[in-house]
Amino acid sequence: MSMINGFTSEDATRLSETERRLIERRERLLGPAYRLFYERPLHTVRGEGVWLFDEQGRRYLDAYNNVASIGHCHPQVVEAMYRQSLQLNTHTRYLQEGILDYAEQLLGTFSDDLDRVMFTCTGSEANDLALRIARQYTGGTGVIITRFAYHGVTGDIAELSPSLGPCIVLPEHVRTVRAPDAYRLGADNVASIFAADVRAAIDDMKKHGIRPAAIMLDGIFSSDGVLTGPEGFLAEGIALAQAEGMLYIADEVQPGFARTGLNMWGFTRHDVRPDIVTLGKPMGNGQPIAGIVGRSEVVDHFGKNMRYFNTFGGNPVSCAAGKAVLDVIQQDQLQQRSHDIGKYLLEGLTRLSARHEIIGDVRGAGLFIGIELVTDRSSKRPAAEQARRVVNHMRENGVLISAAGPLENVLKVRPLLTFTTEHADILIEAVDSAMQHAT
Ligand code: PMP
């Protein structure tokens, strides 16, 4: 995962004594692998709804968080976890109803063919499990991913995450394809280019004696630069891979749970039928719960041969949190809100491109929006440095977003699902102001 929007020690001179001490303590205790957002890292002490608060009580509009997706510290989720914590918290080797009630509700949001669920604690674990299931089922090892994918941090999955940086050396059984980038490859070509790349990857695997097992794709291509359309661009390539016996693993860790608008799941925008779907991030609104949903034929093949136990995966408190999240999405009609506010935001941000030459493209699905910055619209030269300045300017003005993409020039805007038009207006104005003063 790229850290375009990252603090470096060169920024330390601008910090207060307290901030410097906190960072030094962090580095001493946690080591160098942990990174901080923003040139002036944010010291958060409290969250409420769409707002985060720093240690001085200043509030920041959260247009980035895809974990506390239905609102920071949502009372209904907190209450559900509290009640369950008072009663019981064990693991999946005892009979309990909570996990089954939640599993039924969760599976109810998928088509009938996706009828099994297994629980993990993180998205990485979910992808890791999905990969194991796919390899068992197909008897193959070969995996296709996109060139700047991010799927997580376990040993096997980090190797499927080239966006972690040059330290990731792709193993022999992995092939990459170009992400379906309509802005750079052309909206009319993107589906066929994607399919041709998948075809070539499969042929190359076979040529090298590697049996294909899975194609794993983040349905919103978040690390590849937030690639949202045209809808359906995956269908041809996925059909081709499945016809070759590969399983399609839809990584819904980013686009899942109403993020992309009316659909609960991002892949449904592309008219494809996953064999396994992986879930995480917003699933428990902050409680670590994740999992896989798959076709019973595939999941059962694995389970018959392999025992599965994940100590914390599917524990009663996590399931209570997960259930409360689904309840809130359903009762507050957050899919509709994601669609409506997402559309309002997209229109507002697109209007800005008439005033700011630097905006090359504005794209989005529901409340997941990418704004691609270029120094010149005809050559599409990436404006990475300007993207970094915009993100930091907005942070100083109390609105939180970040940046992504292989060219480090895509503003990644991912507001909480409970945004109103007033919040959207604050965000649009902050982008406008940052474009004026920071580019
Ligand atoms: N898949 C995608 C698409 C992700 O964005 C992430 C996390 N950023 C993961 C998987 C891994 O999830 P986790 O951090 O919960 O392990």
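Analysis parameters
Residues numbered from 1 in each chain as written. Predicted model: local features only at pLDDT ≥ 70, side-chain atom pairs only at ≥ 80, totals over all residues. Heavy atoms only, no water. Axes fitted to C-alpha atoms, helices over the stretch in contact; angles between N-to-C directions. Helix = DSSP H or I, 4+ residues; strand = E, 2+ residues; numbered from the N terminus. Left-handed = near helix turned anticlockwise from the far one by under 90°. Contact = heavy atoms within 4.5 Å. Nonpolar A, V, L, I, M, F, W, Y, C, P; charged D, E, K, R; others polar. Pairing = 2+ DSSP bridges. Near = heavy atom within 4 Å. Polar contact = N/O pair within 3.5 Å; in protein donor to acceptor, adjacent residues only side chain to side chain. Areas by Shrake-Rupley, 256 points an atom, 1.4 Å probe, with all protein chains shown as cover. Domains from an automatic or database assignment. Buried area = accessible area lost by both parts, 1.4 Å probe. Salt bridge = Lys/Arg side-chain N within 4 Å of Asp/Glu carboxyl O. Phe/Tyr/Trp six-rings, centres within 6.5 Å; stacked < 30°, edge-to-face > 60°. Buried < 20%, exposed > 50% of the residue type's maximum accessible area, 1.4 Å probe, protein only. Lys NZ or Arg CZ within 6 Å of the ring centre and 35° of its normal. Core = buried A, V, L, I, M, F, W, Y, C linked by side-chain atoms within 4.5 Å.

1. Some remarks on the packing of helix α3 (residues 98-107) against helix α10 (residues 316-331)
Between two packed helices, both the angle of their axes relative to each other and the distance between the axes serve to describe the pair. Between α3 and α10, the shortest axis-to-axis distance is 9 Å and the interhelical angle comes to 35°. Note on packing geometry: the crossing formed by α3 with α10 is left-handed. On α10, the residues touching Gly98, Ile99, Asp101, Tyr102, Gln105 and Leu106 of α3 are Cys319, Gly322, Lys323, Leu326, Asp327 and Gln330. Here the residues of the contact of α3 with α10 are counted per class, giving five nonpolar, four polar and three charged.

2. What about the pairing of strand β1 (residues 44-48)?
When β1 meets strand β2 (residues 51-54), the two strands line up antiparallel, connected through four bridges. Across the sheet, residue Thr44 finds its bridge partner in β2, namely Asp54. The hairpin turn running from β1 into β2, its antiparallel successor, is two residues long, and Gly49 in that turn takes a positive phi close to 60°.

3. Describing the site of the ligand
By nearness alone, 13 residues border the ligand, and Gly123, Ser124, His151, Asp251 and Gln254 come closest of all. The contact in question runs from an oxygen atom of the ligand to an N or O atom on the backbone of Gly123, over 2.9 Å. One of the side-chain N or O atoms of Asp251 is found 2.7 Å from a nitrogen atom in the ligand. Compared with its free state, where it exposes 390 Å², the ligand has 85% of that area covered by protein. Looking at which element gives the most residues to the shell around the ligand, the answer is helix α4 (residues 123-138), with three residues. Its residues assigned to classes, the shell around the ligand comprises three nonpolar, seven polar and three charged.

4. Structural notes on the sheet that holds strand β9 (residues 276-279)
Spatially, seven strands are ordered β4-β10-β9-β8-β7-β5-β6 in an open sheet, and the strand pairing comes out mixed. Unpaired on one side and paired on the other, β4 (116-120) and β6 (174-177) mark the two borders of the sheet. Along the sheet, successive strands turn relative to each other by an average axial angle of 20°, direction set aside. Here α3 sits on the sheet and contacts β4, β9 and β10 (290-294); the angle it forms with β4, its principal contact strand, is near 120°.

5. Details of the domain arrangement of the chain
When its domains are assigned, the chain resolves into domain 1 (9-70 + 333-436) and domain 2 (75-331). One C-alpha centre belongs to domain 1, the other to domain 2; they are set 25 Å apart. Each partner contributes residues to the interface: domain 1 has 37 residues there, and domain 2 has 32 residues. The three residues of domain 1 that bury the most area against domain 2 are Ile70, Gln335 and Phe368, which together make up 24% of that side's buried surface. At the boundary of domain 1 and domain 2, one finds one salt bridge. Across the domain 1-domain 2 interface, the total number found is 25 residue pairs in polar contact (both at pLDDT 80 or more).

6. What to know about the packing of aromatic side chains
Across all of its chains, the model carries six aromatic pairs by this definition. Between the aromatic rings of Phe37 and Tyr64, the centroid separation amounts to 5.4 Å while the plane-to-plane angle is 80°, which identifies the pairing as edge-to-face. With a gap of 27 residues between them, Phe37 in the loop between α1 (17-30) and β1 and Tyr64 in the loop between β3 (59-62) and α2 (75-87) connect regions that are remote in the sequence. Relative accessible area serves as the criterion here: at 30%, Phe37 is assigned to the partly exposed category. Taking 4.5 Å as the distance between ring centres and 15° as the angle between the ring planes, the aromatic pair formed by Phe110 and Trp265 counts as stacked. Taken together, the positions of Phe110 in the loop between α3 and β4 and Trp265 in the loop between β8 (247-251) and β9 put the pair 155 residues apart, joining distant regions of the chain. With respect to burial, Phe110 and Trp265 carry one shared label: buried. Each residue in the set Phe37, Tyr38 and Tyr64 is aromatic and connected to the rest through ring pairs, giving one cluster. Above the plane of the ring of Phe53 lies Arg46, whose end atom (NZ or CZ) is 4.1 Å from the centre. Directly above the aromatic system of Tyr183 lies the positively charged group of Lys380, at a separation of 4.5 Å from the ring centroid.

7. Re the nonpolar core
In terms of nonpolar packing, the biggest core is built from 95 residues, with Leu106, Ile371, Leu373 and Leu427 touching the most fellow members. In terms of residue count, α10 provides more of this core than any other element does, eight residues in total. Apart from the residues lying within four places of it in its own chain, the contact partners of Ile371 are Leu349, Ile359, Asp361, Val362, Asn409, Val410, Leu411, Val413 and Val431. Residues Ile145, Ala214, Met216 and Val298 belong to the second largest nonpolar core, which totals 23 residues.

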